[in-house]
Amino acid sequence: MLKNLFSILFEVDTRALGIYRILLGWLCFWDIFRRWDFINIFYTDFGIKTQFAKSSSFSIFNYLGNDATLVYIVFIIGILFSIFLMIGFKTKFSHFIITIIIISIHVSVTKVGNSGDMFMNCILIWTLFLPLGKSISIDSLILSLKNHKENNLDELNDRTHGINKPTQIHSLAYFAMLFQISAIYFFTALDKHGHDWMYGKAFYKMLQLDGFITTIGHSIRDYITYPISKFFTFSTLYLEYSVPFLLFIPFYNYIFRLILALSLTIFHLSIRLTMNVGLFSQIMITTFPLLLNKKIFEKIKKYVQSKHSQNRFILFYDSDCGFCHYTVRIIKRLDIYNLISFDHGHSKNNIKPKNFDNLSEKTAMLYEVNSNKLWIRHQAFGKIITLLPLGKLISWIFFIPYFSELFGKIYDQIAINRTKISIFFGLPACNLPNINEPFNVKITKNTTKFINIKKEFKSLVKILSPIILLIMLSSAVNSALIENPGVQS
C-alpha cells in the first residue's frame, strides 16, 4: 500500500514526459509567435512600455534594455529554442533558455497577461527538474544510436537491445506538478461562492460577457435556459472539487487519472470555443499528458500490436550502404510497436517479393507478407510512417498526386548518391564496420578534467535539486493558503 502511494505521488512514465515536452514546446512557440505583431507596442521603448514602472521581478530585459533590435533578437531566440524543446534537441538547455525568455516576456508587461501566463511560468520551472528528453526526443535517439550499434540483421531484429526503453522516473518535481494542478482547480472552486455560483446562473452570465465571448458562444447563448445553466455551473464546481481526489486516489489510479484528463480536456475545449481567455485552456491541457500512467501506454501498445497481428512487414534495404543502414537503425527506434522486421535479401529468410532481384539494387522495399503487398521508393517510407504513432497524420502526403512525384524524384536522387552521402557523413560506403575492430580515442588531461568537472556538477545538482524543490513547494503551499479568499471564508 505504501509502495503504491509512493508511485502515485512521485512516479511518472518517461513517455508521458515526452508528450508533455512536445506540447510545452509548441505552447512556448505559439505564445511568443502570437505576440510578434505587438513587440513594438508592449515590449520596446517605441511603445507604451516606457509608461510602466520598471518591474522588480526577474526579466532579462532589465539587463538588456528594451532596444527594439535586442527585443526582436530575444523573441527569435525564444522561437528557435521552443522548436528545439519540441523536438527534444539539447532538451535541458533549450528548456532553461525558453523558461528565462517566456518568464521575461510575461513579467515585462503584466497588464496584458492573465492567470494562464502565471501558470505557464510555474510549469516551466517545475518541469525544469524533470528529464523531459528521456523519451520521444532527438536526444534519446542520438544516445541510443551512440550506445547500441547494430552491425547485422540479428542485432537489428533484436528488440530487447539497442533501444532506450521507457522507464519510470521518481521525482519530487512530479509531485509538485500534481500539487500545482490540484491546487488550481480546488482553490478556484473554493473561491466560487457568489450568488451566481450558488444558484447555477454563472454559466449563463459568462455567455453575456461581450468582451470575451466568441462567435460560437454568441450563437448558443440565446438557447441557454436556467436548467441548462444550472447543470453546467454545478458540473464545473463538482469537476474542479474532484480533481485532488481523482489525482491522489490510491486504487485504480491510472483509470481515474485518465478519466480526469479526458474530462478536463473537454471542459477546457468548451471554454476555449465559447470564450477568448488567451492561452489559458491550452496551457492547462498541455499538462494533462503527465497524468497518463505506464499501464495506459502498455494497453495502447497491445491494442496496436493486436490490430496488426495478421500483418507481417519486412523492410528490405541495401546493407552495403552505410547511410541506408543508419536510416534503418533510426526506423527500428521509431517503430515502438515492433511491427517491422529487417532483411537485406541475402539471409536464410526465403520470403521475398516478386521482382526482388530487379528492384533490390534500385530501391528499398517494404513487403507485407500475408497480403503480398509491396511498397517501393518514397511510398515505402510513406507506409513506414503510417505504422509509427500518429504517422497517418502526415504519411498521406507521400501518396497524393504531384507531391508523390516530387518525393519520388527526391528519393531517386538520394538513392543514386547514397555512396557519396555515406562518405560525406563518415559512414561505410561498401560494407558495415567490423564490430570487433578496436576504436581508439585519445584522452588528454583536459578531456579528463572536463569529464570530472561534469561529473561533480551532476552530483551537485542531484543534491541541490530536492532542496530547491522543497523550498519552492513550501512557498507554493503557503502562497495558495494566503492568496485565496476562499480559504479565509
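Heads up: the structure comes first, above all this text.
Cut-offs used in this document
- Each chain has its residues counted from 1, following the order in which its sequence is written.
- At least 70 in pLDDT is required for a residue's local features to be given in this predicted model, at least 80 for side-chain atom pairs to be given and counted, and no such filter applies to totals for whole chains, interfaces and linings, which use all residues.
- Just so you know, side-chain values use all the structure's heavy atoms and leave hydrogens and water out.
- Note on conventions: DSSP H or I runs of at least 4 residues are helices, E runs of at least 2 residues are strands, and numbering of each starts at the N terminus.
- Per-residue accessibility, obtained with a 1.4 Å probe over protein chains only, is compared with the maximum for each type, and a residue is labelled buried under 20%, exposed over 50%, and partly exposed between these values.
- Should any heavy atoms of two residues lie within 4.5 Å, those residues are considered in contact.
- Centres within 6.5 Å make a pair out of two Phe, Tyr or Trp rings, where for Trp the six-membered ring is used; the pair is then stacked when the planes are under 30 degrees apart, edge-to-face when over 60, and tilted otherwise.
- Like charges within 9 Å and nonpolar side chains (Val, Leu, Ile, Met, Phe, Trp, Tyr) within 5 Å are joined into patches, using only residues over 30% in relative accessible area that form no salt bridge.
- Per-residue and other accessible areas follow the Shrake-Rupley method at a 1.4 Å probe size, with only the shown protein chains counted as cover for residues.
- Should a side-chain nitrogen of Lys or Arg be within 4 Å of a carboxyl oxygen of Asp or Glu, the pair is scored as a salt bridge.
- To estimate the expected span of a helix, subtract one from its residue number and multiply by 1.5 Å.
- Each residue is assigned a bend, namely the angle between axes fitted to the seven residues that terminate at it and the seven residues that start at it.

Draft legend 1. Inspection of the environment of R272 at higher detail. In this fold, R272 is placed in helix α15 (residues 253–274). The exposure class assigned to R272 is partly exposed, which follows from its relative accessible area of 30%. Here the alpha-carbon distance between R272 and Q282, two residues ten residues apart in the chain, equals 8.2 Å. Every residue in contact with R272, bar those within four places of it in the chain, is listed here: T214, G278, S281 and Q282.

Draft legend 2. Fine view of the packing of aromatic side chains. The full count for this structure, using the stated rule, is 24 aromatic pairs. Seen in terms of ring centroids, W26 and W30 are 6.1 Å apart; in terms of plane orientation they differ by 15°. Their pairing is stacked. One end of the pair, W26, and the other, W30, are both in helix α2 (residues 14–33), four residues apart, so they sit about a helical turn from each other. Given the relative accessible area of 44%, W26 is considered partly exposed.

Draft legend 3. Region of the structure containing a nonpolar patch on the surface. Judged by side-chain polarity, F58, Y63, L64, L70, I73 and I77 come together as a nonpolar surface patch covering roughly 580 Å² of accessible area. Where the nonpolar patch is concerned, the elements lending two or more residues are α4 (61–64) and α5 (68–87). Per-element accounting of the nonpolar patch gives the leading share, three residues, to α5. Looking at where I73 falls in the secondary structure, it is placed in helix α5.

Draft legend 4. Representation of helix α14 (residues 226–248) within the structure. The terminal C-alpha atoms of α14, which comprises 23 residues, lie 34 Å apart, in line with the 33 Å expected from a rise of 1.5 Å per residue. Where α14 bends most, the angle comes to about 40°, and this point is S242, followed within four residues by the proline P244. Where α14 is concerned, the buried positions are S229, T233, F234, T236, L237, L239, E240, S242, V243, L246 and L247.

Draft legend 5. Expanded view of the pattern of salt bridges. Considering all chains together, one arrives at 14 salt bridges under this definition. Of the charged contacts, one joins E298 and R15 as a salt bridge, the two residues approaching to 3.2 Å between their closest N and O atoms. Of this pair, E298 sits in helix α17 (residues 294–307) while R15 sits in helix α2; the two residues are 283 residues apart in sequence, bridging distant segments of the chain. The class for E298 is partly exposed, based on a relative accessible area of 35%. Note on R15: relative accessible area 15%, which makes it buried. Between E150 and R329 there is a salt bridge whose closest N-O contact spans 2.8 Å. Of this pair, E150 sits in the loop between α8 (138–147) and α9 (153–156) while R329 sits in helix α18 (residues 322–334), and the two are 179 residues apart along the sequence. An identical accessibility class is assigned to E150 and R329; each is buried. Members of the salt-bridge network, linked through shared partners, are D31, R34, R35 and D117.

This is a description of form; function is not addressed.
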